Amino acid sequence: MRLVQVLIPEGKRESVLSVLDNEQIDYAVWDETGRGDFEALVQFPIPSIGVEPILDKLREAGVIRGVYTIVLSPETVISEHIDMLKSRYAGERISREELIARARSLAPAASTYFAFLILSTIIATAGLLLDSVATIIGAMVVAPLMGPAITASVGTVVDDRKLASRGVVLQVTGLVMAIAVSALVGFFIKESFFLPPGLDIRDVTQIAERISPNFLYVLLALGSGLAGAISVIRNVGSALVGVAIAIALIPPAATSGLGIAWGLPGVALASALLVVINMLAVNVSTLVLFWLSGFRPPEFSAINHARYAVISRSALLLIAITILSVVLILVSFSSYQTYVIEQKVNEEVNYMFEEPMYSGIGLTPVEVSIGYDSGNILLEEPVRVDIVVAHPAAQEVPEDIAIQIDRRLTEAINRNFEVRVGFVETQQTA
């Protein structure tokens, strides 16, 4: 239920109250003495879904749009006609005015928004490197990303360009900042003693999940956006739904920043694409649901413009999601292939030097360096492998060892290789 208070302009008292009488709505009226343009203040209870149509009828009767109006949520309403009104206005949807007010309140001031976003990103980055699901979820509680997504969609369906633009700007700048903050934190942690030296972040489970995603992540973002829209429309559970939306955006953004910090362009690109796709999916799902729920601009003349904006933007978002999903699949596949090849090369080299013909003369691989990335895979270029081998002083080494390694790797992995082998002499005391 809602309790609505509206100022009645001079000379409009009878027509306004007749609307409420015709609708069989109980009301109370007070003379207004504070401002000369109004003669009374009327207060009446109405189900939440009935606020919008009743306010529209009151405006037709003379209430000025944008004038003093308050919509409250009372604990209890006892009225003779409440049951009748509930049956007439069945449903839990909030009014357009409440939707706009909630959208504005969900997108906080820029300073507050970016402060919470930076803190959330720092916590999420630490959670990713610690491989801690609990820490990542904790970071999502802080992330304020639900508000801008809702604001952008609400602004579009009610034809409020300023509101829509603010939502889009906050989302884009916020996610770019999240990637940058994660990269800076990653650089600092990488050069410190907080992590084991030589850590490959692709081995961390929570990071690996976000550099080889599949279409289920898009479904997660779509579902989160729908849940966010429903929570706003029904005015329930917004905080919990905000966590789901943040999970679709902040961890991939933090992973992209870590990819930059570790110098892994495949990781940075794959997770950044996931961020963009998820952001688009959240926006298209909220946009479509708000429109299907019946929210329209207050001015009848703006409805066609809003309808065109919703259809065109939804189509554009869906096309972008489709294209980026294909790119993401290719990048994810190439990143996965790169990682698999690196693992197989290291395994085969170690197995080879454990064979008697090499271990018997004291040959030991000291370092295996693989120059291969996603671009090499897409261009089908040979895998470059540099190996440093240690051998005892004065011990003769096979001259064709590079060729033998090349043949072994080609047979095992079915790719072309360019192998270079360097040697270092070792000495050992008795």
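Residues numbered from 1 in each chain as written. Predicted model: local features only at pLDDT ≥ 70, side-chain atom pairs only at ≥ 80, totals over all residues. Heavy atoms only, no water.

1. Overview of the sheet that holds strand β7 (residues 417-426)
- Taken together, the three strands give an open sheet; going across it, the order is β5-β6-β7, and neighbouring strands pair in mixed fashion. Every interior strand has two partners, whereas the edge strands, β5 (364-371) and β7, have only one. Looking at each pair of strands side by side, their axes are set apart by 15° on average, direction ignored.
- Of the strand pairs in this sheet, strand β6 (residues 383-392) and β7 are connected by 10 bridges, and their pairing is parallel. Bridge pairing in β7 places P392 opposite T426.
- Lying over the sheet, helix α16 (residues 401-413) contacts β6 and β7, oriented at roughly 135° with respect to β7. (Pairing = 2+ DSSP bridges. Helix = DSSP H or I, 4+ residues; strand = E, 2+ residues; numbered from the N terminus. Axes fitted to C-alpha atoms, helices over the stretch in contact; angles between N-to-C directions. Contact = heavy atoms within 4.5 Å.)

2. Side note on the pattern of salt bridges
- Evaluated as defined, the whole model comprises 13 salt bridges.
- Two residues, D56 and R59, come together in a salt bridge whose shortest N-O distance is 3.5 Å. On the criterion of helical spacing, the pair formed by D56 and R59 is a turn pair, its members being three residues apart in helix α2 (residues 51-60).
- With relative accessibility at 25%, the residue D56 sits in the partly exposed group.
- Classification of R59 by relative accessible area gives buried; the value is 17%.
- A salt bridge links E97 to R96, with the nearest nitrogen and oxygen atoms 3.4 Å apart.
- The exposure class of E97 is partly exposed, given its relative accessible area of 21%.
- Looking at R96, the relative accessible area reads 3%, which means it is buried.
- What emerges from the salt-bridge pattern is a single network uniting E52, D56, R59, R96 and E97. (Salt bridge = Lys/Arg side-chain N within 4 Å of Asp/Glu carboxyl O. Buried < 20%, exposed > 50% of the residue type's maximum accessible area, 1.4 Å probe, protein only.)

3. Topic: the environment of I329
- One can find I329 in helix α13 (residues 303-353).
- Look at I329 and you get exposed, because its relative accessible area is 55%.
- When the C-alpha positions of I329 and S369 are compared, they lie 27 Å apart, and in sequence the two are 40 residues distant.

4. Things to note about the packing of aromatic side chains
- Taken as a whole, this structure holds two aromatic pairs when the rule is applied.
- Between the aromatic rings of Y113 and F114, the centroid separation amounts to 5.1 Å while the plane-to-plane angle is 70°, which identifies the pairing as edge-to-face.
- Taken together, a centroid distance of 6.2 Å and an interplanar angle of 80° make the contact between F290 and F295 edge-to-face. The pair F290 / F295 is uniform in exposure class, with both members buried.
- Over the ring of W291 we find R296; its NZ or CZ atom is 3.6 Å from the centre of that ring. (Phe/Tyr/Trp six-rings, centres within 6.5 Å; stacked < 30°, edge-to-face > 60°. Lys NZ or Arg CZ within 6 Å of the ring centre and 35° of its normal.)

5. Some details on the UniProt feature "transmembrane region" (unreviewed entry) in the protein chain
- Within the UniProt annotation, "transmembrane region" (unreviewed entry) is assigned to residues 106-130, 136-156, 168-189, 215-233, 240-262, 268-294 and 315-336.
- Strand forms 0% of residues 168-189 and helix 100%; the C-alpha atoms that close the span are 32 Å apart.
- Secondary structure over residues 268-294 splits into 93% helix and 0% strand, and the C-alpha atoms at its two ends are 40 Å apart. (UniProt positions renumbered as here; feature names shortened; annotations may be inferred.)

6. Notes on unusual backbone geometry
- Phi at D131 is positive, roughly 60°, even though this residue is not glycine.
- Relative to the elements of secondary structure, D131 occurs in the loop between α5 (110-130) and α6 (133-142).
- Note on D131: relative accessible area 34%, which makes it partly exposed.
- Within the chain, N414 stands out as a residue other than glycine whose phi angle is a positive 60°.
- Note on placement: N414 falls in the loop between α16 and β7.

7. So, the nonpolar core
- In this structure, V154, V157, I250 and F290 are the most contacted members of the largest nonpolar core, which totals 58 residues.
- Element by element, the count of residues in this core is highest for helix α12 (residues 265-292), at 14 residues.
- Leave out the neighbours within four places in its chain, and V157 touches L287, F290, W291, F295, R296, P297, A306 and V310.
- Core analysis: the next-biggest nonpolar cluster, separate from the first, contains 24 residues, V4, L7, V16 and Y89 among them. (Core = buried A, V, L, I, M, F, W, Y, C linked by side-chain atoms within 4.5 Å.)

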